[in-house]
Amino acid sequence: MSARRDFDVLIAGAGMVGAGLAALLSSAEATRGLRIALVDPSPALAPLPTEPLDVRVSALSRTGERVLRQSGAWPLLQARHPCAYQRMVIWDSGAAVGGRDTLVFDAAEVGEPNLGHIVENRAVAAALVERAIVAGVTLLRGSVSALALTADVATVTVGERALAVGLVVAADGADSPLRHLAGLGGEPTAYPQEAVVAPLSPEQPHRGTAHQRFLPQGPLALLPLSDGGVSLVWSTTPADAARLAALDDSAFAAEVTRASDGVLGALTPVGRRVRFPLRRFNAAGYAATRLALVGDAAHTVHPLAGQGVNQGFLDAVALATELGAALAHGGDPGDPQPLTRYARARRAENALMGAALDGIYRLFTSQRPLLMQGRQLGLGLANRAGPLKRLLVERALG
Ligand SMILES: Cc1cc2nc3c(=O)[nH]c(=O)nc-3n(C[C@H](O)[C@H](O)[C@H](O)COP(=O)(O)OP(=O)(O)OC[C@H]3O[C@@H](n4cnc5c(N)ncnc54)[C@H](O)[C@@H]3O)c2cc1C
């Protein structure tokens, strides 16, 4: 690789996906020799063990877990007690929870110890950044503000510095400044929904179970946390989300307890509420000359199945694998062939996931009587159809 370059690979964005890619590349044998920079204006700091859990958490599938384990970051995350969950209970607001039309996924049914873990986003990112630094990655605090991409080199401006690099990876989130700078378009489609996220304390123990109830305005999920609490992710109309966010604690507690059908008894708010706009997006292309997109910079989906960051980790694994194979054959990290192969495979896969989740969103928010009846029956049927259910669990496990 050229000595005239400042870095072989520069990753813009040290969120979970960018940090995951940096940790993977610096720990895998095939890519360990690369000189890597990870750039972010505000990289996540590892929370102190005594700090309460942050409001932003994710359901991490096996892929995410593998990225953390392979890069040595999994032990670091243990200080924040990822909450393994063994069951997932899904039902429609027209049916009673636990009845014939409830879909229950159980890890034991597929011979797995759990279905995944609920983790704090900042703790995951911080653990991956720490591992990447230990493995030799250079962390630069700053924002990428300009890009010049040529067949020979990519020039990336970070603050006052212009860095010559072999490959730029944009892991800079859903609004990705780098995607715009590289001219990789695609218009996001806004869902007429926002998610209200809040930590709650349930009256009854969650017993390692994630719950999701489909309400007419959107799904309400209660994700189990290691401190005994649950994380609410309630997708609803923007007006309703604004109303819910503005309620006082006791009115909010009453609403969320009622909307969850009392599945965990009375729910008590124990922290701040945050609103997120929801949108669907898949970039028109994932690669340009000496540049690749990963994570939310490339795609966003509805959070109803907790797949967003897991898709991002799959991007990171796929890109790291392509780069490793290219280097093994004497190639350069910015060569077009591996980038094109990565972009084709991941864009197609993420398009499928986006379409599937969009279909579920439409089915469960439809007010057409036939569809309303059909989806209730469908959940019950899926619950009783062994092979289909197994397939769904395996897909969700990643
Ligand atoms: C309500 C909600 C619930 C969700 N639940 C789940 C779930 O349960 N499971 C799941 O898999 N996914 C879930 N997701 C999706 C998940 O949160 C995202 O997919 C994930 O956070 C994306 O990570 P990322 O690293 O790609 O981007 P981000 O986390 O957005 O990180 C981008 C980083 O880039 C940095 N950056 C920005 N601009 C620049 C620049 N110019 N130069 C350098 N750095 C820059 C930022 O500082 C930031 O650190 C959920 C999403 C929402 C909204």
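The structure reproduced in this document is the subject of the present report. (Residues numbered from 1 in each chain as written. Predicted model: local features only at pLDDT ≥ 70, side-chain atom pairs only at ≥ 80, totals over all residues.)

Here we take up the overall build of the protein. Helix and strand content of the protein: eleven helices and 20 strands. Relative to the 2.2 N^0.38 estimate, which gives 21 Å for 398 residues, the radius of gyration of the protein is 22 Å and therefore close to what a compact globule would have. Taken along the three principal axes of its C-alpha coordinates, the protein extends 65 × 45 × 45 Å. Counting all 398 residues of the protein, 47% fall into the buried class. Looking at the protein alone, contacts between residues at least 24 apart form 77% of all its contacts between residues at least 6 apart. (Helix = DSSP H or I, 4+ residues; strand = E, 2+ residues; numbered from the N terminus. Rg over C-alpha atoms; globule rule 2.2 N^0.38 Å. Buried ≥ 20, exposed ≤ 12 C-beta atoms within 10 Å, placed from the backbone. Contact = placed C-beta atoms within 7 Å.)

In the vicinity of the ligand there are 33 residues, among which Gly 13, Gly 15, Gly 173, Gly 295 and Gly 308 approach most closely. Going through the elements one at a time, helix H1 (16-27), strand S2 (36-40), strand S3 (57-60), strand S12 (189-202) and helix H8 (308-328) are the ones with two or more residues in the shell around the ligand. Among the elements that line the shell around the ligand, the one with the most residues is H8, at four residues. Classifying every residue of the shell around the ligand by side-chain character gives 16 nonpolar, 14 polar and three charged. Split by domain, the residues of the shell around the ligand number at least three in each of domain 1 (7-45 + 55-70 + 121-188 + 280-357) and domain 2 (83-120 + 191-278 + 367-397). (Near = placed C-beta within 6 Å. Nonpolar A, V, L, I, M, F, W, Y, C, P; charged D, E, K, R; others polar. Domains from an automatic or database assignment.)

Another aspect to go through is the nonpolar core. Judged by nonpolar contacts, the single largest core of 108 residues is most densely connected at Ile 11, Leu 21, Leu 38, Val 168, Val 169, Ala 292 and Val 294. Residue contributions to this core peak at nine residues, all from H8. Counting contributing residues per domain, this core is built from domain 1 (7-45 + 55-70 + 121-188 + 280-357) and domain 2 (83-120 + 191-278 + 367-397), each supplying no fewer than three. Apart from the residues lying within four places of it in its own chain, the contact partners of Ala 292 are Leu 167, Val 169, Tyr 286, Ala 287, Leu 319, Leu 339, Tyr 342 and Ala 343. In this structure, Phe 214, Leu 304, Ala 305 and Phe 364 belong to the second largest nonpolar core, which totals five residues. (Core = buried A, V, L, I, M, F, W, Y, C linked by C-beta atoms within 7 Å.)

Phi is positive for His 81, close to 45 degrees, though the residue is something other than glycine. With respect to the secondary-structure elements, His 81 resides in the loop between helix H3 (74-77) and strand S4 (83-85). You will see that Asp 261, though not glycine, has its phi angle at about 60 degrees, which is positive. Along the chain, the position of Asp 261 falls in the loop between helix H7 (249-259) and strand S16 (267-269).

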